[in-house]
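# Architecture and fold: a report
Single-letter residue listing:
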Amino acid sequence: MHLDHSHSGPAAVSADALRPDGRRRALRIGLGGPVGSGKTATVAALCRTLRDRLSLAVVTNDIYTREDAEFLLRHAVLPPERIQAVETGACPHTAIRDDISANLEAVEDLEDAVGPLDLILVESGGDNLTATFSKGLVDAQIFVIDVAGGDDIPRKGGPGVTTADLLVINKTDLAPYVGSDLGRMARDAKEQRGELPVAFTSLTGEDGVRPVTDWVLARLAAWTA
Amino acid sequence: MNRAALLVLADGRFPAGGHAHSGGAEPAVRAGRIHDARSLAAFCRGRLHTTGLTAAALAAAAAGGLDPLELDEAADARTPSPALRATARKLGRQLMRAARATWPSGELDALAAARPRGAHQPVVLGLTARSAGLAPEDAAYCAGYETVSGPATAAVRLLSLDPFEATAVLARLAPELDRVAGRAAELAGRAAREGLDALPAASAPLLDITAEAHAGWPVRLFAS
Ligand SMILES: Nc1nc2c(ncn2[C@@H]2O[C@H](COP(=O)(O)OP(=O)(O)O)[C@@H](O)[C@H]2O)c(=O)[nH]1
Ligand SMILES: [Mg+2]
C-alpha cells in the first residue's frame, strides 16, 4: 500500500465547463490587482453577502504567507473547509497564469470536499499591474485598484486595467484625503476599457460591495442559464 | 518515437506545478549551506547523485512499462520523509493533469483513476514520457534534470543569484547527468528482469530532515 492518502473519483483534466456527471461546474471568478487595493476585503464582503444564497468557496494565492486565507478564516467569512491557500513559490502571477496546476487542484479539492459549489473566488496575491488570470483557471476576472494608489493608474492601463471583465476602483471614501479625482479616473478607465464595466466601491460603507455583488450575480445567472 | 517531445516535457515552463517548489534549496539557503554559485553546485551535485538517481530510475522504469502502481509503492518505500511523500504526490497529481492534456493515453487515465490524489511524481513523469513516445533513458534524463534545475531556479529567486551563474552550474553538471541517467536506465532495465528491488534507493538524509522542518515554517517562499 502507498502510505498516506485516501481514494476518491478520478480527477478532471482541465477547465471543462461541465462536471464528469454532465452538470455545469462552479463559476470561477479571479480577483487580481496591486497589493493592498482591497482584494481580500472584497472577497470577504462578497462572501458575507452571498454565503446564505450560494454555495461558495475561496482559493487564495499569497506571495509568501497564508495571510489572505488566515484573514478570511479569522473573520469567519466562510467555514475553514471552504477556503484553500495555494503556495506560489513567490510568483503568484505564475500560479494564476502560466502554470495553473496547483490552483486547479485546489478548485478540484474544494468541489470534492464541500461541492457542488455555485461560485469559487480565486484571489491572487497582488504583485504587479500586469498579472492576469488564465482562462483555463477562471471564467471571468475582476481587477481591483484603489484611489489611494494614485488616480493615474487607469490612465496607465496595463492588461489588468484594460482587459479585466470588471474593473473595481476601491476606497472611494479616501479620495478627498489623497486628492484623487474620481471623475478623471472614470474617464481614463472608459478610455482604456471601452464598454467593459467599472465599479467604484467603498468597503467601509454599508453594503459597499453592492456593485460587485450585482455584477457577480449577473455573471452567475448567465453561467447557469 | 518522437524525440522532440523530450524538449517539451523537460522545459521548465511545462505547467506541472514545479515552479512553487525549491527541491530543498529554501532550507539550505536559510541554513547558509547555499550562498553562492559554488555552494549551489555542491548542493545540486549531491541531490543529483542521491534523490536524482532514485527518481531517474523510477521514471525510466515507468517509461519502460513496469507497473506504475508497484513503482508507486517502491517510490513510497524510498521516500522516508512524510513531507516529501506528500510533495511527490502533489507534484505527481499536478503533472498528471498536464500530461493528460498534452499526451493523453489510457495508461495515464488508469493511473489517475487508481491514484486520484496523485502518484509519486517520478512515476507519473515516466508514464508521461511513455505516453509521449519517449524511451526510458529520456525519462531518466528528464527526472534527473528536474532534481537540479528546480533548486537552481529557486536559488536565483532566494539569493538574487546571477541567473547566468546558476545556469552555468547546470551546464557543468551535464556530464554527471549523462552518467546518472545512463545508470538509472540500466538499473530500470535490470528491475524489469529481476524485480523492483534492483531499483536504486539512494537518498540524502539531510534533505529529508530539512524538508520536514521546512514543512512547518509559518512563512516561506516555496511549498517545499
Ligand atoms: N478606507 C478603506 N480601506 C479599505 C477599503 N477596502 C479595503 N481597505 C483596507 O485596505 C487594506 C488592504 O486591504 P486588503 O483587502 O487586504 O488588500 P489586498 O492586498 O488587495 O487583498 C486593509 O487594511 C483594508 O481594511 C475601503 O474601501 N476603504
Ligand atoms: Mg489580499
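Residues numbered from 1 in each chain as written. Chains lettered and ligands numbered in written order. Predicted model: local features only at pLDDT ≥ 70, side-chain atom pairs only at ≥ 80, totals over all residues. Heavy atoms only, no water.

Now for the overall build of chain B. A tally of helices and strands in chain B yields 10 helices and zero strands. Along its sequence from the N terminus, chain B presents helices and strands in the succession α-α-α-α-α-α-α-α-α-α. Taken over 224 residues, chain B has a buried fraction of 57%. Of the contacts formed within chain B by residues at least 6 apart in sequence, a portion of 80% connects residues at least 24 apart. Accessible surface, chain B: about 9,000 Å² in total, of which carbon and sulfur atoms supply 57%. Across chain B, 24 positive and 22 negative side-chain charges occur, with their mean positions spaced 5 Å apart. (Helix = DSSP H or I, 4+ residues; strand = E, 2+ residues; numbered from the N terminus. Buried < 20%, exposed > 50% of the residue type's maximum accessible area, 1.4 Å probe, protein only. Contact = heavy atoms within 4.5 Å. Areas by Shrake-Rupley, 256 points an atom, 1.4 Å probe, with all protein chains shown as cover. Lys, Arg positive; Asp, Glu negative; His and termini not counted. Charge placed at Lys NZ, Arg CZ, Asp CG, Glu CD.)

Assigned secondary structure in chain A consists of nine helices and seven strands. On C-alpha atoms alone, chain A measures out to a radius of gyration of 17 Å, which is about the 17 Å that the 2.2 N^0.38 rule sets for 225 residues. The C-alpha extent of chain A, read off along each of the three principal axes, is 65 × 40 × 30 Å. Taking as baseline every contact in chain A between residues at least 6 positions apart, the subset at least 24 positions apart corresponds to 78%. Of the roughly 9,600 Å² of accessible surface on chain A, a fraction of 53% belongs to carbon and sulfur atoms. Across chain A, the mean location of the 23 positive side-chain charges is 5 Å away from that of the 33 negative side-chain charges. (Rg over C-alpha atoms; globule rule 2.2 N^0.38 Å.)

Take the side chain of H19 of chain B next. Assignment of secondary structure puts H19 of chain B in the loop between α1 (5–10) and α2 (25–30). Sequence-distant contacts of H19 of chain B, that is, excluding residues within four places in its chain, are made with T88, G89, C91, T94, A95 and D99 of chain A together with R157 and F222 of chain B.

All names here are of chain A. Here the magnesium ion (ligand 2) is held by T40 (OG1), D68 (OD), D68 (OD) and E123 (OE), and the distances to it run 2.1 to 2.7 Å. Read in sequence order, the donor residues for the magnesium ion (ligand 2) give the motif T-x27-D-x54-E. Within this pair, whereas T40 is found in helix α1 (residues 39–50), its partner D68 is found in helix α2 (residues 67–74), the two being separated by 28 residues in sequence. Across the pair, D68 and T40 agree in class, each one buried. (Donors = N, O, S within 2.8 Å, 3.2 Å for Na, K, Ca; no water.)

All right, on to the UniProt feature "binding site: GTP" (unreviewed entry) in chain A then. Residues and elements named next belong to chain A. In this structure's numbering, the residues bearing the UniProt feature "binding site: GTP" (unreviewed entry) are G33, P34, V35, G36, S37, G38, K39 and T40. As for its placement among the helices and strands, G36 is situated in the loop between β1 (27–32) and α1. Tracing the chain through its elements places S37 in the loop between β1 and α1. Owing to a relative accessible area of 0%, S37 belongs among the buried residues under this scheme. Setting aside residues up to four positions removed in sequence, S37 forms contacts with V144, I145, D146, N170 and K171. A polar contact of 3.0 Å, which involves the side chain of S37, links it to the backbone oxygen of P34. (UniProt positions renumbered as here; feature names shortened; annotations may be inferred. Polar contact = N/O pair within 3.5 Å; in protein donor to acceptor, adjacent residues only side chain to side chain.)

Our next topic: the sheet that holds strand β4 (residues 119–124) of chain A. Residues and elements named next belong to chain A. If you walk across this open sheet you meet the seven strands as β3-β2-β4-β1-β5-β6-β7, and the pairing is parallel. Because the sheet does not close on itself, it has two edges, and the strands there are β3 (83–87) and β7 (198–200). Going from strand to strand, the sheet's axes swing by 20° on average, the running direction of each strand aside. Sheet topology places β1 next to β4; five bridges connect them, and they run parallel. For I29, the partnering residue across the bridge sits in β4 and is L121. Together, β1, β4, β5 (140–146), β6 (166–170) and β7 form the strand contacts of helix α9 (residues 210–224), whose direction differs from that of β5 by roughly 170°. (Pairing = 2+ DSSP bridges. Axes fitted to C-alpha atoms, helices over the stretch in contact; angles between N-to-C directions.)

What follows concerns the packing of helix α3 (residues 37–63) of chain B against helix α4 (residues 68–77) of chain B. Residues and elements named next belong to chain B. The N-to-C vectors of α3 and α4 enclose an angle of 175°; their axes lie 10 Å apart at closest approach. In terms of their interaxial angle, α3 and α4 are classed as roughly antiparallel. Contacts between α3 and α4 pair L58, A61 and A62 from the former with L71, A74 and A75 from the latter. Classifying every residue of the contact of α3 with α4 gives six nonpolar, no polar and no charged. (Parallel < 35°, antiparallel > 145°, perpendicular 65-115°, else oblique. Nonpolar A, V, L, I, M, F, W, Y, C, P; charged D, E, K, R; others polar.)

Residue and element names in this part refer to chain A. Relative to the assigned elements, A57 resides in strand β2 (residues 56–62). Among the residues examined, A57 registers a relative accessible area of 0% and is labelled buried. Between the C-alpha atoms of A57 and L78, which are 21 residues apart in sequence, the distance is 7.6 Å.

Turning to the site of ligand 1, a few remarks are in order. Residue and element names in this part refer to chain A. Around ligand 1 there are 16 residues in total, and G36, K39, A41, D173 and L203 lie nearest to it. One of the backbone N or O atoms of G38 is found 2.9 Å from an oxygen atom in ligand 1. Here an oxygen atom of ligand 1 and a side-chain polar atom of K171 are 3.1 Å apart. For ligand 1, whose accessible area on its own is 580 Å², the fraction buried by protein is 67%. (Near = heavy atom within 4 Å.)

For the rest of this paragraph, the subject is the packing of aromatic side chains. One pass over the full model with this rule turns up one aromatic pair over all chains. Measuring from centroid to centroid gives 6.0 Å for F14 of chain B and W103 of chain B, while their planes differ by 15°, and the two rings are stacked. Taken together, the positions of F14 of chain B in the loop between α1 and α2 and W103 of chain B in the loop between α5 (82–102) and α6 (106–114) put the pair 89 residues apart, joining distant regions of the chain. Among the residues examined, W103 of chain B registers a relative accessible area of 15% and is labelled buried. Lying across the ring of W223 of chain A, R24 of chain A places its NZ or CZ 4.0 Å from the centre. Residue placement shows R30 of chain B over the ring face of W217 of chain B; its charged tip is 3.9 Å from the ring centre. (Phe/Tyr/Trp six-rings, centres within 6.5 Å; stacked < 30°, edge-to-face > 60°. Lys NZ or Arg CZ within 6 Å of the ring centre and 35° of its normal.)

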